[in-house]
Amino acid sequence: MMNLESFSIESGYFVFTMMPSLRCSLNCPHCYLSKEQRRSKDILSVENLGRACGKVADYYRMRGLKQKTIVCYWYGGEPTEMGQEYFESAVVTIGDAFPARDGYTVKHTVLSSLINVDPSWHALFHKHCGGEIQTSFDWTMRGAGYVRHWERSVRGARLDGLRVSTISVVNREILEFGPEQVLDYLTDHGVAETSWLPFMWNEQNDSGAYTRFAPTMRAYSEFMSRLTRHWLKLRATGANPPEIGQMRFILAQQAKGGLANIAGQTLFLLPNGDFVLPDYRNGCQEFMQPFGNILSQDFADVLSSPARRAYLRKQVLRNGNADCGGCEHGGHCLMEFWKENRNGDDCFGAKGYVEWLQAERDRLPGDVLNQSRLY
Ligand code: SF4
């Protein structure tokens, strides 16, 4: 197996993506879950979550890992639909499995739509998530009513002292709004950090939503370049626009070098105990690739399963893409999970944006370059 020591679960840094329930009452056009999954009441019991964490801790012990970082990223579905009682007892169970006295650092981050989320959750975000909440923001792709509701929720979260960051799937409605306008809008709403993902094709949105809402990657790269140019302009005038995660990632990775974008740090845990990650077939159609089941296997067996070894090999070899083979940006582009690029378009690594940022490098303020080394 390839050496994964410096950028992987095997080195002790685990982004433990929690999807113990896939339940969500919304119907977003980009969602990778079927309606049946979103309405399902299936949930991984706290007891079984504890068993899963115990097996991860056994692996850390067996390997004698010095670095012991567990980043619990509560995803879904809508994590708050699991209920506060479940969330609190899950956090306690995770803390018991990874205690600070054994050298563990555990962090919890919740990604929520913030739609129909009771404000009583705010106290839990303060207590367990360091006062932060990450919320999805898709502008009018989910309808005008969604935007009004989201604005109210963000205002409420900020009034309760939470630091709000957004994660957006770049869609045609956002493009029409405009990168400058959307950044001004998020600045006005006091958002601290933003992340901008390409709109992916999956089995659920194949029936029309993908054609309707997904921009080309060329349009994505242009959007990101204009967004960043406007960010720099706002910063120069003394304003405080939210951070752009992708800019920070590219700059930080260029400074560090190496392979960061091979998904070696994370696994998604599903309600039935399966560990999975997004993979692609038919070129770039997304599905969930299973590696094993933590309720019936040891964590070491899941990590070294033939399916995960093949998956990591595919990441390191950049999916065998001819266009990626000779590309100098392989270690710092925005390709998150490797797949085929589309003919006649910019690649999924957003080469257009990466090269724009590289060309602008000399004009970036020193603090941006220096801070990015910390990302
Ligand atoms: S920038 Fe594009 S072409 Fe280059 S390695 Fe990344 S995905 Fe491949």
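Since the model is a prediction, treat every value here as computed from it, not as a measurement.

Draft legend 1. The overall build of the protein chain, seen in detail. Scanning the protein chain from N- to C-terminus turns up 15 helices and eleven strands. In terms of overall size, the protein chain behaves like a compact globule, its C-alpha atoms giving a radius of gyration of 20 Å where 375 residues would be expected to give roughly 21 Å. Structurally, the protein chain occupies a C-alpha span of about 50 × 50 × 45 Å along its principal axes. In the protein chain, which comprises 375 residues, the share counted as buried stands at 55%.

Draft legend 2. Highlighting the sheet that holds strand β7 (residues 201–202). One open sheet holds the eleven strands; their spatial order is β7-β11-β10-β9-β1-β2-β3-β4-β5-β6-β8, and the pairing between them is mixed. If you trace the sheet from one side to the other, it starts and ends with β7 and β8 (243–244), each paired once. In this sheet, strand β5 (residues 163–169) lies alongside strand β4 (residues 132–136) in parallel orientation, the contact comprising five bridges. Its bridge partner lying in β5, Q134 is registered against S165.

Draft legend 3. The arrangement of empty space enclosed by the protein in detail. Inspection of every chain in the model, using the stated rule, returns two cavities of 30 Å³ or more. Size it by volume and the largest cavity reaches roughly 40 Å³. Around the largest cavity, the lining residues are P198, F199, Y210, P215, T216, M217, Y220 and R342. Residues belonging to the lining of the largest cavity are distributed by class as follows: six nonpolar, one polar and one charged.

Draft legend 4. View of the pattern of salt bridges. Tallied over the full model, the rule gives 14 salt bridges. Among the ionic pairs, R142 bridges to D138, the shortest N-O distance being 2.5 Å. Note on accessibility: R142 and D138 belong to one class, buried. Connected through salt bridges with shared partners, the residues E132, R163 and E193 form a single ionic network.

Draft legend 5. Spotlight on the environment of G77. Looking at where G77 falls in the secondary structure, it is placed in the loop between β2 (69–74) and α3 (84–97). Expressed as a C-alpha distance, the spacing of G77 and R51, which sit 26 residues apart in the sequence, is 22 Å. G77 has contacts with S21, L22, R23, C24 and L33, leaving out every residue within four places of it along the chain.

Calculation notes
Residues numbered from 1 in each chain as written. Predicted model: local features only at pLDDT ≥ 70, side-chain atom pairs only at ≥ 80, totals over all residues. Heavy atoms only, no water. Helix = DSSP H or I, 4+ residues; strand = E, 2+ residues; numbered from the N terminus. Rg over C-alpha atoms; globule rule 2.2 N^0.38 Å. Buried < 20%, exposed > 50% of the residue type's maximum accessible area, 1.4 Å probe, protein only. Pairing = 2+ DSSP bridges. 1 Å grid on protein atoms, 1.4 Å probe; cavity = no way out; pocket = protein on both sides within 12 Å on 5 of 7 lines; lining within 4 Å. Points joined across faces, edges and corners; volume = space filled by probe spheres on them. Nonpolar A, V, L, I, M, F, W, Y, C, P; charged D, E, K, R; others polar. Salt bridge = Lys/Arg side-chain N within 4 Å of Asp/Glu carboxyl O. Contact = heavy atoms within 4.5 Å.

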